[in-house]
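Secondary and tertiary structure notes
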Amino acid sequence: MRKPIIAGNWKMNKTPSEARELVSALVPLVKDAACDVVVCTPAVDFAAVSEVIKGTNIKLGAENMHWKESGAYTGELSAAMLKESGVEYVILGHSERRQYFGETDVTVNKRVKAALAAGLKVILCVGEMLADRENGVTDELVALQTKIALKDVSAGELKNVIIAYEPVWAIGTGKTATAEQANEVCAVIRSTIKALYGAEAAEGITIQYGGSMNAKNAAELLAQPDVDGGLIGGASLKAPDFAVIVDAATKG
Ligand code: 13P
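Everything numeric here is computed off the predicted structure, so don't read it as measured data. (Residues numbered from 1 in each chain as written. Predicted model: local features only at pLDDT ≥ 70, side-chain atom pairs only at ≥ 80, totals over all residues. Heavy atoms only, no water.)

Neighbouring the ligand are N9, K11, H94, E166, A170, I171, G172, G211, S212, L231, G233 and G234. Within the backbone of G172, an N or O atom sits 2.7 Å from an oxygen atom of the ligand. In isolation the ligand has 300 Å² of accessible area, and contact with the protein removes 94% of it. Of the residues that constitute the shell around the ligand, the class distribution is three nonpolar, seven polar and two charged. (Near = heavy atom within 4 Å. Polar contact = N/O pair within 3.5 Å; in protein donor to acceptor, adjacent residues only side chain to side chain. Areas by Shrake-Rupley, 256 points an atom, 1.4 Å probe, with all protein chains shown as cover. Nonpolar A, V, L, I, M, F, W, Y, C, P; charged D, E, K, R; others polar.)

Listed below in structure tokens is the structure:
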């Protein structure tokens, strides 16, 4: 059985003092969760969040990472920096990185390999734009993104990869994919993994849905057979809403 995972992606929100407040409110609300609970925060919040979640069931994640170990890459963070800050998970290939910061499938692959080599768990984001869906190429596109991102990733390393299906048109728009649409594309990703790594790996891999998931629609999305969790943006910034989603995953 796959263990569900609910991860918050705080994006560019919460200063360290605000982060401390949010995660402190979250700790008691999710303490009995049967799923994995992760908060992916801005790097400036790592210290405050790490301190609060020490000894709890909440894990810390980052929102991006560079593939090089060190060097002249102004503004970037290395895997070693994340690890020493208490980070266990890293989101890679988020559509906002692809859209606004020139991320490509090839650079996502470099980041994925570097993160896995450093022992981090990767939340790999894939998903189509509205035009792709309208042109009927969602399945091919998502399979392609998955395949390139995982190039030269071994079956052993794949155990530390979670894939998040995030249709770009559903992110921050309030337009959630229907439960059927979400399940359909998560199943395409699973069959892509099957073609690359075999049936056992495909059955074992955790696939999340992300895109306007909230306290109201989470239960239906998480009840789908191929949806093993959620990557939550806006609703992760409110502790009670995030806790309702965690609860839904536990039951889903
Ligand atoms: P929203 O939940 O705000 O739509 O964001 C989803 C997302 O991009 C998570 O990574």
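On to the packing of helix α1 (residues 16-29) against helix α2 (residues 46-53), then. Axes are the key here: two packed helices are described by the angle between their axes and the distance separating the axes. Relative to each other, α1 and α2 sit at 25°, their axes nearing to 8 Å. Compared by their axis directions, α1 and α2 come out roughly parallel. Here α1 and α2 pass one another in a crossing that is right-handed. For the pair α1 and α2, the contacting residues are P16, A19, R20, V23, S24 and V27 in the first and A48, V49, E51, V52 and I53 in the second. (Axes fitted to C-alpha atoms, helices over the stretch in contact; angles between N-to-C directions. Helix = DSSP H or I, 4+ residues; strand = E, 2+ residues; numbered from the N terminus. Parallel < 35°, antiparallel > 145°, perpendicular 65-115°, else oblique. Left-handed = near helix turned anticlockwise from the far one by under 90°. Contact = heavy atoms within 4.5 Å.)

Another point: the environment of P4. With respect to the element layout, P4 can be found in the segment before β1 (5-9). Taking the relative accessible area as the measure of exposure, P4 reaches 21% and is therefore partly exposed. For P4 and V246, which are 242 residues apart along the polypeptide, the C-alpha to C-alpha distance reads 9.2 Å. Among residues more than four places away in sequence, those in contact with P4 are C35, D36, D228 and A249. (Buried < 20%, exposed > 50% of the residue type's maximum accessible area, 1.4 Å probe, protein only.)

Our next topic: the sheet that holds strand β3 (residues 58-62). One closed barrel holds the eight strands; their spatial order is β1-β2-β3-β4-β5-β6-β7-β8, and the pairing between them is parallel. The average angle at which neighbouring strand axes cross in this sheet is 25°, direction not considered. The pairing of β3 with strand β4 (residues 89-92) spans two bridges and is classified as parallel. Bridging across to β4, G61 finds its partner in Y89. The strands touched by helix α7 (residues 138-149) are β5 (121-126) and β6 (161-165); relative to β5, the strand with the most contacts, the crossing angle is about 150°. Strands in contact with helix α12 (residues 239-251) are β1, β2 (36-40) and β8 (229-232); relative to β1, the strand with the most contacts, it is inclined by about 160°. (Pairing = 2+ DSSP bridges.)

Mapped onto the elements of the fold, V87 is located in the loop between α3 (79-84) and β4. Looking at V87, the relative accessible area reads 4%, which means it is buried. When the C-alpha positions of V87 and K59 are compared, they lie 7.7 Å apart, and in sequence the two are 28 residues distant. Beyond its immediate stretch of four places on either side in the chain, V87 contacts F46, L60, G61, A62, L82 and L120.

A few words now on unusual backbone geometry. Unusually for a residue other than glycine, K11 sits at a positive phi of about 55°. Within the secondary structure, K11 is located in the loop between β1 and α1. Of note, the phi angle at S212 is positive, near 55°, even though the residue is not glycine. Structurally, S212 can be placed in the loop between β7 (206-210) and α11 (218-222). A relative accessible area of 18% places S212 in the buried class.

Honestly, it's all geometry; don't read function into it.
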